[in-house]
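Below are the chains, spelled out letter by letter.
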Amino acid sequence: MSNKTILVTGGAGYIVSHTSVALIEAGYDVVIADDLSNSSAGAVDGVRRITGTDVPFERVDCNDRAALRELFERYRFDGAIHFAAFKAVGESVDEPLKYYDNNVGSFLSLLETMRLFGVRNVVFSSSATVYGQPDVLPATEASPRKPANSPYGATKQICEDILRDAVAAYNSAGGPEEEGLRGIALRYFNPIGAHPSALIGELPRGVPNNLIPYITQTAAGIRAELSVFGDDYHTPDGTALRDYIDINDLALAHVTAIGRMLNDRQRQNYEVFNIGTGVPVSVLELVHGFERANGVKVPYKIVARRPGDAEAVWADTTLAATELGWRATRTLEQTLRSSWRWEQQLKK
Ligand code: UFG
């Protein structure tokens, strides 16, 4: 029997490159499609080197329906994992139309093209951002979604709703079962770390917005010091709490999710899972953990809170464990070492 073929969109990015590796190692054929607007072909080379395969890379803008159709004519896909999206929260506030057009538009054209070609299974990369500041922690999949505090966050909510509605409509009573759409939205908490080979990792452009790339660049001397945004939160050490999930564990969640659909193991045709560790870690714990894991110093200063930041967000991972059969396995120390290895090889 031939391997199942999975389309991954936005394939030259951080999460996607690790997911592509995990899919290939699990025996899938992968086709990577990306317009390279916000990523580099270097990530695809890394995937090829790690897996020893010549994984096809197709330069396609998912918003371009004709190009997407042409792609589906050339390959017979069994499923798709949709990552293609802009993800800078601040930029989305300044350029909302760009974000709605790209993030929502590309998902709509993917779903329409899948319908056209009878491709049924899709994983959507969502985010814990849909919870905002949860009233009760840890956040479960049933926790209410809060009004988004950025257009970026809104696009994640809208795309989840589009998927839910499309799955409901295309599986309605009387419709042919084999034509129905099935979907899983994975709500990522804070993905960090890099592949153990250090051949792929996170490659922020310009000054990093996220904590780990800022820490690694500070440890490497590229930045003078880290600004810790706020130490007056209602948390044990006053700094904000997050759920940092290893990128390789996160990648495996996608393999499990697509396999669940392909093997008809879903309980409902649309499902949502939190993908995190279930363990809250403060900004200062992460900084000091990084220093200990790698034997380096990370100079920092405490500054004002960053507008729009939540105080504490972490996952209830029970559903992913019991239903999906997935849980995080890497220790934070392992993950923080991989981040540093990746940063160090960037200099070479
Ligand atoms: N932080 C600092 N200094 C920095 C960068 C971050 O103290 O230089 C703090 C933040 O204030 C926050 C924590 O580190 O408390 C984590 O910040 P990140 O930017 O790494 O991650 P966020 O939790 O803010 O962002 C995540 C995802 C985004 C998503 C966002 C929505 O990475 O993609 O949640 O809230 F949009």
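Look up a bit, the structure's there.
First, a word on scope: everything that follows refers to the structure included in this document.

Details of the site of the ligand
Moving on, step 1. In the vicinity of the ligand, 18 residues are found, and the nearest of them are Leu211, Ser227, Arg242, Arg306 and Asp309.
Moving on, step 2. For the ligand, an oxygen atom lies 2.9 Å from a polar atom in the side chain of Asn190.
Moving on, step 3. Between the ligand and Ser227 there is a distance of 2.7 Å, counted from a nitrogen atom to a backbone nitrogen or oxygen.
Moving on, step 4. Taking 680 Å² as the accessible area of the ligand by itself, protein coverage stands at 85%.
Moving on, step 5. Of all the elements in the fold, those that place two or more residues in the shell around the ligand are helix H7 (211–219) and strand E8 (226–229).
Moving on, step 6. Split by residue class, the shell around the ligand holds ten nonpolar, five polar and three charged.

Focus: helix H2 (residues 42–51)
An α-helix turns once every 3.6 residues. As a result, residues three or four positions apart point the same way.
Moving on, step 1. Of all the positions in H2, only Ala43, Val44, Gly46, Val47, Ile50 and Thr51 are classed as buried. Take H2 and look down its axis: the buried residues cluster within an arc of 155°, on one side only.
Moving on, step 2. In this structure, the buried residues of H2 make contact with helix H1 (14–25), strand E2 (29–34) and strand E3 (57–59).
Moving on, step 3. The first or second residue beyond H2 is Gly52, which carries a positive phi of 65°.

Focus on helix H5 (residues 96–117)
Moving on, step 1. The end-to-end C-alpha separation of H5 is 31 Å, in line with the 32 Å expected for 22 residues at 1.5 Å each.
Moving on, step 2. Those residues of H5 that fall on the buried side of the exposure criterion are Tyr99, Asn102, Asn103, Val104, Gly105, Ser106, Phe107, Ser109, Leu110, Leu111, Thr113 and Met114.
Moving on, step 3. Buried residues along H5 sit against strand E1 (5–9), helix H3 (65–74), strand E4 (79–82), helix H4 (89–94), strand E5 (121–127) and helix H6 (151–170).
Moving on, step 4. Of the residues flanking the end of H5, it is Gly118, one or two places downstream, whose phi is positive at about 70°.

Some words on the pattern of salt bridges
Moving on, step 1. Counted according to the given criterion, the structure contains 23 salt bridges.
Moving on, step 2. Between Arg76 and Asp78 there is a salt bridge, with the nearest N and O atoms lying 2.7 Å from each other.
Moving on, step 3. Judged by relative accessible area, Arg76 falls into the exposed class, the value being 61%.
Moving on, step 4. Asp309 serves as the salt-bridge partner of Arg306, at 3.1 Å between the closest nitrogen and oxygen.
Moving on, step 5. By relative accessible area, Arg306 is classed as partly exposed at 33%.
Moving on, step 6. Connected through shared salt-bridge partners, Arg145, Glu160, Asp161, Arg164, Asp165 and Arg187 make up one network.

A look at the nonpolar core
Moving on, step 1. Among the nonpolar cores identified, the biggest contains 40 residues, and Ile6, Val8, Leu23, Ile81, Leu186, Ile258 and Ile275 are the most heavily contacted of them.
Moving on, step 2. Breaking this core down by element, the ones donating at least two residues are E1, H1, E2, H2, strand E6 (182–188), helix H8 (247–262), strand E11 (270–275) and helix H10 (318–324).
Moving on, step 3. Per-element accounting of this core gives the leading share, nine residues, to H8.
Moving on, step 4. Ignoring anything within four residues of it in the chain, the contact list for Leu23 reads Ile6, Val8, Tyr28, Val30, Ile81, Val255 and Ile258.
Moving on, step 5. Counting 28 residues, the second-largest nonpolar core is a separate cluster that includes Val122, Ile162, Ala166 and Tyr270.

Scoring rules and cut-offs
- Residues numbered from 1 in each chain as written.
- Predicted model: local features only at pLDDT ≥ 70, side-chain atom pairs only at ≥ 80, totals over all residues.
- Heavy atoms only, no water.
- Near = heavy atom within 4 Å.
- Polar contact = N/O pair within 3.5 Å; in protein donor to acceptor, adjacent residues only side chain to side chain.
- Areas by Shrake-Rupley, 256 points an atom, 1.4 Å probe, with all protein chains shown as cover.
- Helix = DSSP H or I, 4+ residues; strand = E, 2+ residues; numbered from the N terminus.
- Nonpolar A, V, L, I, M, F, W, Y, C, P; charged D, E, K, R; others polar.
- Buried < 20%, exposed > 50% of the residue type's maximum accessible area, 1.4 Å probe, protein only.
- Arc of directions from axis to C-beta.
- Contact = heavy atoms within 4.5 Å.
- Expected span 1.5 Å × (residues − 1).
- Salt bridge = Lys/Arg side-chain N within 4 Å of Asp/Glu carboxyl O.
- Core = buried A, V, L, I, M, F, W, Y, C linked by side-chain atoms within 4.5 Å.

Any link to function would need more than the numbers given here.
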